[in-house]
Amino acid sequence: MTDPTYRRLGLPPTASPLAVVRAAVLALHPDTRAVCSLRLARKRFYRQMLCAHAARQAAGDTPTG
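Residues numbered from 1 in each chain as written. Predicted model: local features only at pLDDT ≥ 70, side-chain atom pairs only at ≥ 80, totals over all residues. Heavy atoms only, no water.

## Notes on helix α4 (residues 39-59)
Rule in force here: Put simply, DSSP marks the helices as runs of H or I at least four residues long and the strands as runs of E at least two long, and each gets a number from the N terminus on. Here a helix's expected span is defined as the number of its residues, less one, multiplied by 1.5 Å. The contact criterion used throughout is that any non-hydrogen atoms of two residues lie within 4.5 Å.
The terminal C-alpha atoms of α4 lie 30 Å apart, and with 21 residues this matches the ideal 30 Å at 1.5 Å per residue to within 8%. Buried residues in α4 make contact with α1 (4-8), α2 (17-27) and α3 (30-34). In the segment just after α4, Gly60 is the residue with positive phi, at about 75°.

## Here we look at α2
To be explicit about the condition: Only protein chains enter the calculation, and the probe is 1.4 Å; a residue is then buried if its accessible area is under 20% of its type maximum, exposed if over 50%, and partly exposed in between. This arc corresponds to the set of directions leading from the helix axis out to the C-beta atoms.
Among the residues of α2, Val20, Ala23 and Ala24 are the ones counted as buried. Along the axis of α2, the buried positions cluster into a sector of 100°, meaning they face one direction only. The exposed set on the far side of α2, more than 90 degrees from its buried face, consists of Arg22 and Leu26. Looking at the packing, one finds that the buried side of α2 touches α4.

## Quick look at the nonpolar core
Heads up, the condition is: Among buried residues, the Ala, Val, Leu, Ile, Met, Phe, Trp, Tyr and Cys ones that are joined through side-chain atoms within 4.5 Å form a nonpolar core.
In this structure, Tyr6, Leu9, Leu11, Ala15, Val20, Ala23, Ala24, Leu28, Phe45, Tyr46, Met49 and Ala52 together form the largest nonpolar core, which totals twelve residues. Elements represented by at least two residues in this core include exactly α2 and α4. With residues up to four places along the chain from it excluded, the contact list for Ala15 reads His53 and Gln57.

## Here we look at a positive patch on the surface
Definition in use: Like charges within 9 Å and nonpolar side chains (Val, Leu, Ile, Met, Phe, Trp, Tyr) within 5 Å are joined into patches, using only residues over 30% in relative accessible area that form no salt bridge. Each accessible area is a Shrake-Rupley estimate made with a 1.4 Å probe; only the visible protein chains count as cover when residues are assessed. Salt-bridge detection follows one rule: a side-chain nitrogen of Lys or Arg within 4 Å of a carboxyl oxygen of Asp or Glu. Note that His is not counted, nor are the chain ends; the positive residues are Lys and Arg, and the negative ones are Asp and Glu. The location of each charge is read from NZ of Lys, CZ of Arg, CG of Asp or CD of Glu.
Taken together, the side chains of Arg39, Lys43, Arg44 and Arg47 present a region of like positive charge at the surface. As for its placement among the helices and strands, Arg39 is situated in helix α4.

## Side note on the confidence of the model for the protein
For the record, the criterion: A score from 0 to 100, pLDDT tells how confident the predictor is in each residue.
Looking at the protein, pLDDT values average 88 and 89% of them are 70 or higher. When pLDDT is averaged over each helix and strand of the protein, the minimum, 87, is found for α1 and the maximum, 94, for α2.

## A look at the packing of α2 against α4
Note the following rule: The convention used is that axes are lines fitted to C-alpha atoms, helices contributing only their stretch in contact, and that angles between N-to-C directions extend from 0 to 180 degrees. Comment on the angle field: the value is read as roughly parallel under 35 degrees, roughly antiparallel over 145, roughly perpendicular from 65 to 115, and oblique elsewhere. Two helices that cross are described as forming a left-handed crossing if the nearer one is turned anticlockwise from the farther one by less than a right angle, and a right-handed crossing if clockwise. Residues are sorted three ways: Asp, Glu, Lys and Arg are charged, Ala, Val, Leu, Ile, Met, Phe, Trp, Tyr, Cys and Pro are nonpolar, and all the rest, Gly among them, are polar.
Relative to each other, α2 and α4 sit at 135°, their axes nearing to 10 Å. Between α2 and α4, the angle falls in the class oblique. In the crossing of α2 with α4, the sense of the turn from one axis to the other is right-handed. Contacts from Pro17, Val20, Val21, Ala24 and Val25 in α2 reach Phe45, Tyr46, Met49, Leu50 and His53 in α4. Here the residues of the contact of α2 with α4 sort into nine nonpolar, one polar and no charged.

Written out as structure tokens, the structure reads:
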């Protein structure tokens with residue numbers, strides 16, 4: 001089972017890691033992206049999305065709409 005936040009990105013399992021990061025960036029509120037003190041939290045969020053994507057690719061899941 002994948003992270004519900006990752007599923008909301010709506011990416012196919014064949015998406016590149018760069019596409020995952022781009023979608024994750026756009027999923028964040030602009031105010032959240034602008035606050036420098038939240039940099040580590042943003043990096044943690046991006047890593048979680050990349051790990052969820054890698055797990056989905058390894059499991060061979062099909063895209064869900």
